[in-house]
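Chains, contacts and geometry: an overview
Each chain, written out:
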Amino acid sequence: MITPPNFPPPGSASDPPVVEVGHSRLRLLIARTRLALHSFRAGWSIFMESRIGVLSLVIIGVFAIMAVAHPILMLTIWDAETYDPVTGYAFDQVDQPSAPSWRHPLGTDPLGRDVLSQLLWSTRSEFVLGITAALVTVAIATTVGAVSAYYGGLVDVFFMRLADLIIALPGISLLIVLSALFKLNLFYLALVIGILGGFGGTAIILKSQALSIKVKPYIEAARVAGGGHFHIIFVHIIPNLLPLSLLYMMFTVTSAIFAEAVLSFLGLLDLRMSWGIMIHTANTGGYLMGGTRYWWLVVPAGASITLLCSAFYLGGRALDEVVNPRLRRRHD
Amino acid sequence: MEANQPHTPPAAAEGLVSVSGLTRQFPVGRSLFRRATSFIHAVDDVSFQLNAGDSLGLVGESGCGKTTVGKLLVKLLEPTSGRITYRLPGLDGAAGQENAPLEASAIIGRQLRTFRRQVQMIFQDPYESMNPRRTIYDTIAEPLAVQGMGTVLDRVDMVSEILMLVGLTPPATFLFRHPHELSGGQRQRVAIARALVVEPAFVVADEPTSMLDVSSRTGIMNLMQQLAHGLGIAYLYVTHDLAVARYMCHRIAVMYLGKIVELAETEELLRNPLHPYTRALLSAVPVPNPEYRREPPSIVGDLTAPIDPPERCRFFDRCPLATHYCRDNPHPAFEEKAPGHWVACYEV
């Protein structure tokens, strides 16, 4: 047995408080949490230093407020008969679509439904879609990348050729075919986009990162410590991949929202309402070609798609600076 | 490999670790569709032995295969040929037979876990050998956690204990820091703590002081010596610095291009070097005297990569003593020229 030398005298008053040896599991947990908070705060300050990071957070924040606002408005000042995004009808307006007014700030659509209500209602489902797709993508891509880099050989060849195949497939066309074959609702769409992203390009990027982690001496140290394959992949490789995964999560949100808009515009999704469907409605009524006269049918939804997509993309770019120290400005 | 060359382990009794005819080759230019046609002979027919509590310094230039020997001994690499046998507590070769030697190739599964508890490695680079996302506690407790030794509470105690032992006191201030918050010397102390926390019988130290600045080097070297003596650990100390090897080790083995060319007790080797390469190394050791004029080195040329080397003596191209006999014959056998002093050379 190792016999410890005499305990050193306790530190002077200026030292941080000494935790007695033999403290509890709770203390361990507290220390871990404090560390996590610390590194989060460090990353946060770098993120907030970049203007695009702040801008993206503001935009995402505004959309989050919009998503929350809809149910509150429906419960308080909007009656379901007039303002329901799908079944409502604005009896107070003579012509449909009607131009923006006090009662309908963004006007009504050709079927007499309130555009603002549709816009707010759709925001929530865009968030759900984007985040679900991103989570699926990242979960798959991180695991595939780490496993592929760690084992190499045939496993690697299989996953990388699969990724090549998925990249070679034209994404939107594939989704169009899938939506013809299956009834794609929001959840299935998120799943499909997530799986395509997860086994596709993101997996290749994360694998290349995992390759550079795999050759670090601490992986060898873990093997000498007796760590098995799963221990090394899940304790050493994946935690070091997570920052990059988070970054690609942001980019996946963008592509998911964009894909949804395209498919909805083509009328191929089984959704009640979405930004894409709003533009689709304008198009089927023949109002899309009418120039700027019926702008409220197109601009709110189109601008929302553009803004939210760019916000997540810019957020990803700002996150890139946190994750990738080489892009960071020096400050000591 | 020279098949006609006899394997001669330079000691009679089987020790804690004994290596005979150890060879490791790395294929060059292999791809999915192409078989390698040439090989780097990183370690070629190396034999030596280490007893409990013993310390052996492995000295040589960069690229001579010292680190590969170390990695082979801790089973980070598998040998191409040759055998390594261990006599480790808790690892018996034959069932029911106490302390029977066990072949490295037979250590798999459950035995590999026990092996990992007995044989540890200290890595060269204290900056890269720790996962930057894990705390000092996580890093040191990793072998314990992986081996399922103790509960979380026990492990905190054990890690605190070992931190005090390696001189990082008070332990509570270090436990939950990240590696980047520590200096190079402190990190190497953590690396030593990680290797020793499972109380191994044998440790491979791969140039643990070469990345540190001179001021923290002696501290680490003293620490390692105290710990090794105090805990009775045998170690293989890989280094390129003869002075470090002299300070740290009972015996020194000099490696050149994958071969051990000379092996002797430390003082014997330094006082009476026989191999021309060892002599050249010793003549290159800095002398703390500004008036000292160094003799021109007796060897010429550079270290080459041992890619498919010719059969003859590895040192032939640079050797001041080389003869026609050396050119026409295979690499000389490793022979005991004086008691306990082994040399591979035809000319001494």
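As a reminder, the structure under discussion sits directly above these lines.
If you're wondering where the values come from, they're calculated on a predicted model, not measured in any experiment.

What counts and what doesn't
Residues numbered from 1 in each chain as written. Chains lettered and ligands numbered in written order. Predicted model: local features only at pLDDT ≥ 70, side-chain atom pairs only at ≥ 80, totals over all residues. Heavy atoms only, no water. Helix = DSSP H or I, 4+ residues; strand = E, 2+ residues; numbered from the N terminus. Rg over C-alpha atoms; globule rule 2.2 N^0.38 Å. Buried < 20%, exposed > 50% of the residue type's maximum accessible area, 1.4 Å probe, protein only. Areas by Shrake-Rupley, 256 points an atom, 1.4 Å probe, with all protein chains shown as cover. Lys, Arg positive; Asp, Glu negative; His and termini not counted. Charge placed at Lys NZ, Arg CZ, Asp CG, Glu CD. Contact = heavy atoms within 4.5 Å. Buried area = accessible area lost by both parts, 1.4 Å probe. Salt bridge = Lys/Arg side-chain N within 4 Å of Asp/Glu carboxyl O. Polar contact = N/O pair within 3.5 Å; in protein donor to acceptor, adjacent residues only side chain to side chain. Nonpolar A, V, L, I, M, F, W, Y, C, P; charged D, E, K, R; others polar. Pairing = 2+ DSSP bridges. Core = buried A, V, L, I, M, F, W, Y, C linked by side-chain atoms within 4.5 Å. Phe/Tyr/Trp six-rings, centres within 6.5 Å; stacked < 30°, edge-to-face > 60°. Patch = residues over 30% accessible without salt bridge, like charges linked within 9 Å, V, L, I, M, F, W, Y side chains within 5 Å. Axes fitted to C-alpha atoms, helices over the stretch in contact; angles between N-to-C directions. Left-handed = near helix turned anticlockwise from the far one by under 90°. Expected span 1.5 Å × (residues − 1).

Next up on the list: the overall build of chain A. Of regular secondary structure, chain A possesses 12 helices and 0 strands. Reading chain A from its N terminus to its C terminus gives the helix and strand order α-α-α-α-α-α-α-α-α-α-α-α. Its C-alpha atoms give chain A a radius of gyration of 26 Å, clearly above 20 Å, the size a compact globule of 332 residues would have. Counting only C-alpha atoms and orienting by the principal axes, one finds that chain A spans roughly 90 × 55 × 35 Å. Across the 332 residues of chain A, 45% fall into the buried class. Surface exposure of chain A reaches about 17,300 Å², of which carbon and sulfur atoms provide 68%. With 22 positive and 19 negative side-chain charges, chain A shows a spacing of 11 Å between the two charge centroids.

Right, let's get into the overall build of chain B. Within chain B one finds 11 helices and 12 strands. What you see for chain B is a C-alpha radius of gyration of 21 Å, in line with the 20 Å of a compact globule of 348 residues. Expressed along its principal axes, the backbone C-alpha trace of chain B runs to roughly 70 × 60 × 50 Å. Within chain B, buried positions represent 53% of all 348 residues. A separation of at least 24 residues holds for 65% of the contacts in chain B among residues at least 6 apart in sequence. About 14,900 Å² of surface is accessible on chain B, with carbon and sulfur atoms providing 52% of the total. Separation of charge centres in chain B, based on 33 positive and 37 negative side chains, amounts to 5 Å.

Facing 36 residues of chain A, the contacting portion of chain B comprises 42 residues. Of the roughly 3,500 Å² buried between chain A and chain B, counting both surfaces, carbon and sulfur atoms make up 68%. In this structure, the connection of chain A to chain B is made through 1 salt bridge. The interface formed by chain A and chain B contains 11 residue pairs in polar contact (both at pLDDT 80 or more). A total of 7 residues in the side of chain A that touches chain B trace back to one element, the largest contributor, which is helix H9 (residues 217-224) of chain A. Classifying every residue of the side of chain A that touches chain B gives 22 nonpolar, 9 polar and 5 charged.

Let us look at the pairing of strand S9 (residues 251-256) of chain B. All names here are of chain B. Burial runs high along S9: 6 of the 6 residues are buried. The alternating pattern of S9 places Arg251, Ala253 and Met255 on one face and Ile252, Val254 and Tyr256 on the opposite face, and all of these are buried. In this sheet, S9 lies alongside strand S3 (residues 55-59) in parallel orientation, the contact comprising 4 bridges. Each residue of the ladder has a partner; that of Val59, found in S9, is Val254. With 6 bridges joining them, S9 and strand S10 (residues 259-265) adopt antiparallel strand pairing.

Residues and elements named next belong to chain B. Spatially, 4 strands are ordered S2-S1-S4-S5 in an open sheet, and the strand pairing comes out antiparallel. Strand pairing shows two members of the sheet lacking a second neighbour, strand S2 (38-50) and strand S5 (102-103), which therefore form its edges. Bridge count between strand S1 (residues 17-28) and strand S4 (residues 81-86): 5 bridges; the pairing is antiparallel. Each bridged residue has a counterpart across the sheet, and for Val17 the counterpart in S4 is Tyr86.

Before going further, it helps to examine the nonpolar core. Residue and element names in this part refer to chain A. Leu189, Ile237 and Trp275 are the most contacted members of the largest nonpolar core, which has 78 residues in total. Per-element accounting of this core gives the leading share, 17 residues, to helix H4 (residues 115-151). Excluding residues that lie within four positions of it along the chain, Ile237 makes contacts with Ala146, Tyr150, Ala210, Ile213, Ile219 and Ile232.

Once that is clear, we can look at the packing of aromatic side chains. All names here are of chain A. Per the stated rule, a full pass over the model turns up 24 aromatic pairs over all chains. With a centroid separation of 5.3 Å and an interplanar angle of 35°, the aromatic rings of Phe251 and Tyr313 are classed as tilted. Of the two residues, Phe251 sits in helix H10 (residues 229-265) while Tyr313 sits in helix H12 (residues 295-323), which places them 62 residues apart along the sequence. The exposure class of Phe251 is partly exposed, given its relative accessible area of 22%.

A few words on a nonpolar patch on the surface. Residue and element names in this part refer to chain A. On the surface, Phe40, Trp44, Met48, Val54, Leu57, Val58 and Val62 cluster together into a nonpolar patch covering about 590 Å² of accessible area. Elements with a minimum of two residues in the nonpolar patch: helix H1 (25-49) and helix H2 (51-75). In terms of residues, the nonpolar patch owes the most to one element, H2, which gives 4 residues.

Our next topic: the packing of H4 of chain A against H10 of chain A. Residue and element names in this part refer to chain A. Running from N to C, H4 and H10 point in directions that differ by 145°, and their axes come no closer than 6 Å. Taken as a pair, H4 and H10 cross one another with a handedness that is right-handed. Each residue belonging to the contact of H4 with H10 can be placed in one class, and the counts come to 19 nonpolar, 7 polar and 2 charged.

As a further point, take the sheet that holds strand S6 (residues 119-122) of chain B. Residues and elements named next belong to chain B. As summarised here, the arrangement of the 8 strands in space is S6-S7-S8-S3-S9-S10-S12-S11, forming an open sheet in which the pairing is mixed. Whereas interior strands pair on both sides, the edge strands pair on one side only; in this sheet they are S6 and strand S11 (335-338). Each neighbouring strand pair of the sheet contributes to a mean axis angle of 20°, computed without reference to strand direction. Direction of pairing for strand S7 (residues 202-206) relative to strand S8 (residues 234-239): parallel, over a ladder of 5 bridges. Paired with Val203 across the two strands is Tyr235, which belongs to S8. Its contacts with the sheet put helix H2 (residues 110-118) on S6 and S7, and the angle it makes with S6 is roughly 50°. Lying over the sheet, helix H6 (residues 184-196) contacts S6 and S7, oriented at roughly 175° with respect to S6.

Tallied over the full model, the rule gives 17 salt bridges over all chains. For the salt bridge of Asp92 of chain A with Arg103 of chain A, the shortest nitrogen-to-oxygen distance reads 3.1 Å. Here Asp92 of chain A is found in the loop between helix H3 (80-83) and H4, whereas its partner Arg103 of chain A is found in the loop between H3 and H4, with 11 residues between them in sequence. Between Glu207 of chain B and Lys66 of chain B there is a salt bridge; the shortest N-O distance is 3.9 Å. Of this pair, Glu207 of chain B sits in the loop between S7 and helix H7 (214-231) while Lys66 of chain B sits in helix H1 (residues 66-73), and the two are 141 residues apart along the sequence.

Here the focus is helix H3 (residues 136-147) of chain B. For the α-helix, the turn length of 3.6 residues means that residues three or four positions removed from each other point alike. All names here are of chain B. Its 12 residues give H3 an end-to-end C-alpha distance of 18 Å, which sits within 8% of 16 Å, the value for a rise of 1.5 Å per residue. The buried fraction of H3 is high, at 11 of 12 residues. All buried positions along H3 are accounted for by Ile136, Tyr137, Asp138, Thr139, Ile140, Ala141, Glu142, Pro143, Leu144, Val146 and Gln147. Just downstream of H3 lies Gly148, where phi reads positive at about 70°.

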